[in-house]
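Fold and contact review
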Amino acid sequence: QVQMVESGGGLVQAGGSLRLSCAASGGTFRNYAMAWFRQAPGKDREFVARISGSGSYTDYADSVKGRSTISRDNAKTTVYLQMNSLKPEDTARYYCAATLVFLGSRNLHEYPYWGQGTQVTVSS
C-alpha cells in the first residue's frame with residue numbers, strides 16, 4: 001500500500017509559480033499512475049493532472065493546460081506539479097492520488113490512495 005505526503009504549497013501572487021511535490025512510500029511506485037486533484041472551499045474535488053507509471057503519458061484539465069506540468073521521478077518515488085501563471089481561481093487544497101489503474105483516470109473514485117494535501121493560495 002502506498003502512502004503519500006505533499007509539499008510545496010504556499011501563498012503566491014497572481015502570475016507567480018509553485019512546484020508541488022508528492023513523496024510516496026510503500027508499494028512499487030512505478031506501478032502506480034499518479035494524479036493531482038484540488039478542492040476549493042465549498043466546491044467538489046476536481047481533477048488537475050495525471051501521469052502514467054512510466055511517465056510517458058500525461059493528461060491535464062483544461063483549466064490548467066498550458067500552465068502546468070506534471071512529472072515524476074521513479075528513482076525518488078516522487079511526483080511533481082509545476083504550476084505557472086497562477087490565478088486566484090487556482091486557490092485550493094491540492095491532493096496527490098495513486099491508482100493501479102493503467103494510465104490513471106480523471107475520476108477521483110478510481111484512486112484508492114490519497115495524501116493529506118497541501119494548500120495553495122493565490123492572491124490577486
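Scroll up for the structure.
Summary of the structure given here. In this text the structure is predicted, and so the values were computed from the model without any measurement.

Parameters and conventions
Residues numbered from 1 in each chain as written. Predicted model: local features only at pLDDT ≥ 70, side-chain atom pairs only at ≥ 80, totals over all residues. Heavy atoms only, no water. Helix = DSSP H or I, 4+ residues; strand = E, 2+ residues; numbered from the N terminus. Rg over C-alpha atoms; globule rule 2.2 N^0.38 Å. Buried < 20%, exposed > 50% of the residue type's maximum accessible area, 1.4 Å probe, protein only. Contact = heavy atoms within 4.5 Å. Areas by Shrake-Rupley, 256 points an atom, 1.4 Å probe, with all protein chains shown as cover. Phe/Tyr/Trp six-rings, centres within 6.5 Å; stacked < 30°, edge-to-face > 60°. Lys NZ or Arg CZ within 6 Å of the ring centre and 35° of its normal. Core = buried A, V, L, I, M, F, W, Y, C linked by side-chain atoms within 4.5 Å.

Remarks on the overall build of the chain
Scanning the chain for helices and strands turns up 0 helices and 11 strands. Listed by position from the N terminus, the elements making up the chain come as β-β-β-β-β-β-β-β-β-β-β. Here the C-alpha radius of gyration of the chain, 13 Å, is about what a compact globule of 124 residues would show, namely 14 Å. In terms of its C-alpha atoms, the chain occupies a principal-axis envelope of roughly 40 × 30 × 25 Å. The 124 residues of the chain split such that 45% are buried. In the chain, of all internal contacts separated by at least 6 residues, the share reaching a separation of at least 24 is 59%. For the chain, the accessible surface area stands at approximately 6,200 Å², while carbon and sulfur atoms represent 46% of it.

Focus: the packing of aromatic side chains
Counting across every chain of the model gives 6 aromatic pairs. On the basis of an interplanar angle of 75° and a centroid distance of 6.5 Å, the ring pair of Tyr-95 and Trp-114 is categorised as edge-to-face. Taken together, the residues span a long stretch of sequence, with Tyr-95 in strand β9 (residues 92-99) and Trp-114 in strand β10 (residues 113-114) at a distance of 19 residues. For Trp-114, a relative accessible area of 25% gives the class partly exposed. Among the aromatic side chains, those forming a connected cluster through ring pairs are Phe-37, Phe-47, Tyr-95, Tyr-111 and Trp-114. Above the face of the Tyr-80 ring, Arg-19 is positioned so that its terminal group lies 3.9 Å from the ring centre. Lying over the aromatic face of Trp-114, Arg-45 brings its terminal NZ or CZ to 4.9 Å of the ring centre.

Things to note about the nonpolar core
Met-34, Trp-36, Leu-81 and Tyr-94 are the most contacted members of the largest nonpolar core, which totals 34 residues. For this core, the secondary-structure elements that each account for two or more residues are β3 (18-25), β4 (33-39), β5 (46-51), β8 (78-83), β9 and β11 (118-123). No other element matches the 5 residues that β9 contributes to this core. If we ignore the near neighbours within four places in the chain, the residues touching Tyr-94 are Glu-6, Leu-20, Trp-36, Phe-37, Arg-38, Val-48, Leu-81, Met-83, Gly-117, Thr-118 and Val-120.

Digging into unusual backbone geometry
Of note in this structure, Ser-85 is not a glycine but carries a positive phi near 45°. Classification of Ser-85 by relative accessible area gives partly exposed; the value is 42%. Positive phi, close to 70°, is recorded for Leu-103, a residue that is not glycine.

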